[in-house]
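# Coordinates in review
Each chain is listed here by its residues.
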Amino acid sequence: MRVIIHLGEPFWRAAGTRQVELALAEDATVAEALAALAHTAPALAADLAYNEAQPLVFVNDEAATPETTLPPDARLHLVWPVSGG
Amino acid sequence: MPATAIIDLTTGHIDIAPTPEHLIRALLGGRGMNMLYLRRFLHAAGDPRAVDPFGPDNPLIFGAGLLSGTIAPNAARFNVSAKSPETLGLGDANCGGFFAAALRKAGFDRLIILGKAARPSYLLVQDGRISIREAEGLWGTTVPQAQERLRAAHGPGTVSAVIGPAGENRVRMAAIMTGLKNAAGRCGLGAVMGAKNLKAIAACGGAPIPVADKDALRAARIEQTNYLQSSRVIQVLGQLGTPFLYEVSNRLGAIRTRNSQDNFFEDTLVAAEIAKYSDKMLACTSCVVHCRHRNTLGGEGPEYSTIGLLGANIGIAPTDQVIMLNNLVNTLGLDASSTGTILAWAMELYQRGLIGDAMTGGPLEFGDYERVVDLIYDIAYRRGFGDVLAESTQAKRLFPPEAADYLIAVKDLPQSDPHDVRYIKSFALGLAVASRGADHLRNRPTLDILRLPDEVRRQVFGIETSADPTAYEGKAGMVAWHDDIYAVADCLGVCKFVTHGFNSPHLLGYGHFAELIRAAIGLEFSQAELREVGRRVVDLERLINLELGRTRADDTLPRRYFEDPMPARATQGHRIEPDRFQKMLDEYYAARGWDQAGQLPEERVRELNHLTEYEEGAWV
């Protein structure tokens, strides 16, 4: 199935694009999508695997966890996990 | 030893004395020490509740952090404290930039200003001396004009803390500015300065700040800088500044929009758009982050808070317009957070017909940039409807009673940051209990959004907590933990961006702070002793609030956060359930060792009374 991942700050700068389209197996999870993303855009791998904090992921505007199963044509948003300014 | 000065503007008398070591051991400096003197001088004036924030008895205290001005990482900050004209409660504002270092190099770590000058005046602090000077040619100037004239008069190295027209006109949300953007903005303390006829404090002089062990401090600086710069959060802040937080809150559905009637807004305000107007990243004294933009429209910033509150919250989307509003409030000396919150409140009141053209002088719609520009000028100069809004939250008295239902404030302080806290319950509790009112920099558990593994949270907080940001359980101890470490950072003058727990579990904690204090001051503190200082400061602030008439009922949230569910995105449907909030508050009081009315144990009150005892002729 096809999913689109929108890359927020600072991910898109490393990837050089705001948006990545991926083909995944049916019932793929968020974790599998991120692994596929790191494979497609190796420059992102360090940020995605960074142990300080995992990115926040939204699937069709809903908060998601690595175990969340993706529906077909899912829209994922990846943003850096911060909240204080 | 650092020196404290008390300046009586009424009589012109100035006393200077070393700051006693036993007080440094108890409260370090900065915010903690300010609170000691605030309580002492409010009591010296009689009943703290009767002290008029604009009267001569209200002490206005500038206190540099214990490490400020040294090479300790990000030790640039100072606090200004007084009884707040905006909240009528404890007033305190924290500020970065270069003023704290300049004040210490001029020979002082703390200035306590009493009385009222007969004529507009400013203080010149130079080479261990303080003089009160007439503010001829300064009164009536904007913030950048005043700073420039003081540099012209006293040399290019002069750093000044000034008020703009807003402070002169006693606008209850007036800031004290130490640069184009660096502001002691919260609680309207610029208006206290204006009420004292004090336009500025100019600090100059190049005496080095005494350091106990220069080699040890240099080694700690290098080691801690390397540690901090390995943090990805620090790297991103240095590249993009705080505007990068907007996208996170907006995507979540937690950006205060149109006075929190909505919870997401336009993508025109994301960091990449702001960066188009930035030509340089700037830093404060000894900073290793460099998070402040210099913008190409003639100012510095905007920060995330300003983007949210003078953008989404008042319905203004064009990037350049939000930056221009940022520059305007800074030029006039207004707190951006309060200004954005009060404007949005008025816009909703107009939308609902609770106030009309007869009061506002014309339409007041969300998104009307030209109207907002005019109103900001009118607030600063107290003209027309701007004179009403210049009362900030105290304008409640001038509006219909139901207007208070739409005010996003706690303890009459407009909420500081643009994050809608109905989703993350620990944020909500933090706002409710913060000593100066709705404020995220007293205790925000920013790690709560990360869903960190159990063992990591246990290691950080030392207690059992929930990984679910929407849970009510296990959050009270987390807020109390942040209360303490943020208080210690404020006492040391260290920026939150490098403080353990603020957006990363890998920043400077009590162990790092103890190492810096040992090297810079020559005093030994264990990690437990430092946390106890944080507890003591939070308790002292609680005691001041209780003495100013605050009760448990004031530890609450805006009506909207309890009653109106968030309308969209991932946070849709979330609100704060009142019964569960009260249970969280019970747990918080227990975590702090307070009783269920929020009163301190008698033993702690005795300890704090002993610390703040005032003896005539022995004021330090």
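Please refer to the structure placed before this passage.
Let us look at the structure shown here. (Residues numbered from 1 in each chain as written. Chains lettered and ligands numbered in written order. Predicted model: local features only at pLDDT ≥ 70, side-chain atom pairs only at ≥ 80, totals over all residues. Heavy atoms only, no water.)

What follows concerns the overall build of chain A. Along its length, chain A carries three helices and five strands. Ordered by position from N to C terminus, the α and β elements of chain A give β-α-β-α-α-β-β-β. The globule rule puts the C-alpha radius of gyration for 85 residues at 12 Å, and the 12 Å found for chain A is close to it. Dimensions of chain A, computed from C-alpha atoms along their principal axes, come out at roughly 35 × 25 × 20 Å. Within chain A, the fraction of its 85 residues that count as buried is 54%. Sequence separation of 24 or more characterises 54% of the internal contacts of chain A that already satisfy a separation of 6 or more. Averaging the locations of the 4 positively and 11 negatively charged side chains of chain A gives two centres separated by 12 Å. (Helix = DSSP H or I, 4+ residues; strand = E, 2+ residues; numbered from the N terminus. Rg over C-alpha atoms; globule rule 2.2 N^0.38 Å. Buried < 20%, exposed > 50% of the residue type's maximum accessible area, 1.4 Å probe, protein only. Contact = heavy atoms within 4.5 Å. Lys, Arg positive; Asp, Glu negative; His and termini not counted. Charge placed at Lys NZ, Arg CZ, Asp CG, Glu CD.)

Here we come to the side chain of Thr-306 of chain B. Mapped onto the fold, Thr-306 of chain B is located in helix α11 (residues 304–309). Not counting residues up to four positions away in its chain, the partners in contact with Thr-306 of chain B are Gly-311, Val-322, Asn-326 and Ala-336 of chain B.

Ranked by size, the top nonpolar core spans 198 residues in total, and within it Leu-37 and Leu-70 of chain A together with Leu-28, Phe-399 and Leu-557 of chain B carry the most contacts. Take this core: its biggest share by element is twelve residues, from helix α19 (residues 476–492) of chain B. Here Leu-28 of chain B is in contact with Leu-23, Met-33, Leu-66, Val-488, Cys-491, Leu-492, Ile-517, Phe-525, Leu-530 and Val-533 of chain B, once residues within four sequence places are set aside. (Core = buried A, V, L, I, M, F, W, Y, C linked by side-chain atoms within 4.5 Å.)

Let us now look at the pairing of strand β5 (residues 75–79) of chain A. Residues and elements named next belong to chain A. Burial runs high along β5: four of the five residues are buried. With four bridges connecting them, strand β1 (residues 2–7) and β5 associate as parallel partners. When the bridges of β5 are listed, Ile-4 appears paired with Arg-75. Sheet topology note: the strand β3 (residues 56–59)/β5 ladder contains four bridges and is antiparallel. Pairing of Phe-58 across the sheet is with His-77, part of β5. (Pairing = 2+ DSSP bridges.)

Moving on, we come to the state of the cysteines. This structure, assessed with the given rule, holds zero disulfides over all chains. Here Cys-95 of chain B is not cross-linked by a disulfide; its sulfur's nearest cysteine counterpart is in Cys-284 of chain B, at 7.9 Å. (Disulfide = S-S within 2.5 Å.)

Residue and element names in this part refer to chain B. Relative to the assigned elements, Pro-56 resides in the loop between α2 (30–44) and β3 (60–64). Since its relative accessible area comes to 43%, Pro-56 is described here as partly exposed. Taking the C-alpha atoms as reference, Pro-56 lies 10 Å from Met-193; in sequence the two are 137 residues apart. Each residue touching Pro-56, except ones within four places of it in the same chain, is listed here: Leu-114, Gly-115, Lys-116 and Lys-196.

Bringing the interface of chain B and chain A into the picture now. The partner chain A presents 24 residues to the 33 residues of chain B that form the contact. Where chain B abuts chain A, roughly 2,600 Å² becomes buried across the two surfaces, and 59% of that area is made up of carbon and sulfur atoms. Connecting chain B to chain A are two salt bridges. For the salt bridge of Arg-232 of chain B with Asp-47 of chain A, the shortest nitrogen-to-oxygen distance reads 2.5 Å. Linking chain B with chain A are five residue pairs in polar contact (both at pLDDT 80 or more), by the criterion used here. Elements supplying a minimum of two residues to the side of chain B that touches chain A: α8 (232–240), α9 (244–252) and α10 (271–275) of chain B. (Buried area = accessible area lost by both parts, 1.4 Å probe. Salt bridge = Lys/Arg side-chain N within 4 Å of Asp/Glu carboxyl O. Polar contact = N/O pair within 3.5 Å; in protein donor to acceptor, adjacent residues only side chain to side chain.)

Here we come to the packing of α2 of chain B against helix α24 (residues 602–612) of chain B. Residue and element names in this part refer to chain B. Their axes nearest at 9 Å, the elements α2 and α24 cross at an angle of 80 degrees. Taken together, the axis directions place α2 and α24 in an arrangement best described as roughly perpendicular. In contact with Leu-36, Arg-39 and Arg-40 of α2, α24 contributes Leu-608, Asn-609, Leu-611 and Thr-612. Tallied by class, the residues present in the contact of α2 with α24 amount to three nonpolar, two polar and two charged. (Axes fitted to C-alpha atoms, helices over the stretch in contact; angles between N-to-C directions. Parallel < 35°, antiparallel > 145°, perpendicular 65-115°, else oblique. Nonpolar A, V, L, I, M, F, W, Y, C, P; charged D, E, K, R; others polar.)

With that out of the way, let us pick up the sheet that holds β5 of chain A. Ordered in space as β2-β1-β5-β3-β4 (chain A), the five strands form an open sheet in which the pairing is mixed. Edge positions in the sheet fall to β2 (19–23) and β4 (62–64) of chain A, since each has one partner strand and no second. On average, adjacent strands in this sheet sit at an angle of 30 degrees to one another, irrespective of strand direction. The sheet contact formed by β1 of chain A and β2 of chain A spans five bridges and is antiparallel. Opposite Arg-2 of chain A, over in β2 of chain A, you have Ala-23 of chain A as the bridge partner. Across the sheet, helix α2 (residues 30–40) of chain A lies against β1, β2, β3, β4 and β5 of chain A, angled at about 110 degrees from β2 of chain A, the strand it touches most. Its contacts with the sheet put α9 of chain B on β3 and β5 of chain A, and the angle it makes with β5 of chain A is roughly 145 degrees.

Turning to the environment of Ile-314 of chain B, a few remarks are in order. All names here are of chain B. Tracing the chain through its elements places Ile-314 in the loop between α11 and α12 (319–332). Given the relative accessible area of 0%, Ile-314 is considered buried. Separated by 197 residues in the primary sequence, Ile-314 and Ala-117 have C-alpha atoms spaced 38 Å apart. Setting aside anything within four residues of it in sequence, one finds Ile-314 in contact with Leu-309, Leu-325, Gly-340, Leu-343, Ala-344, Met-347, Phe-366, Gly-367 and Val-372.

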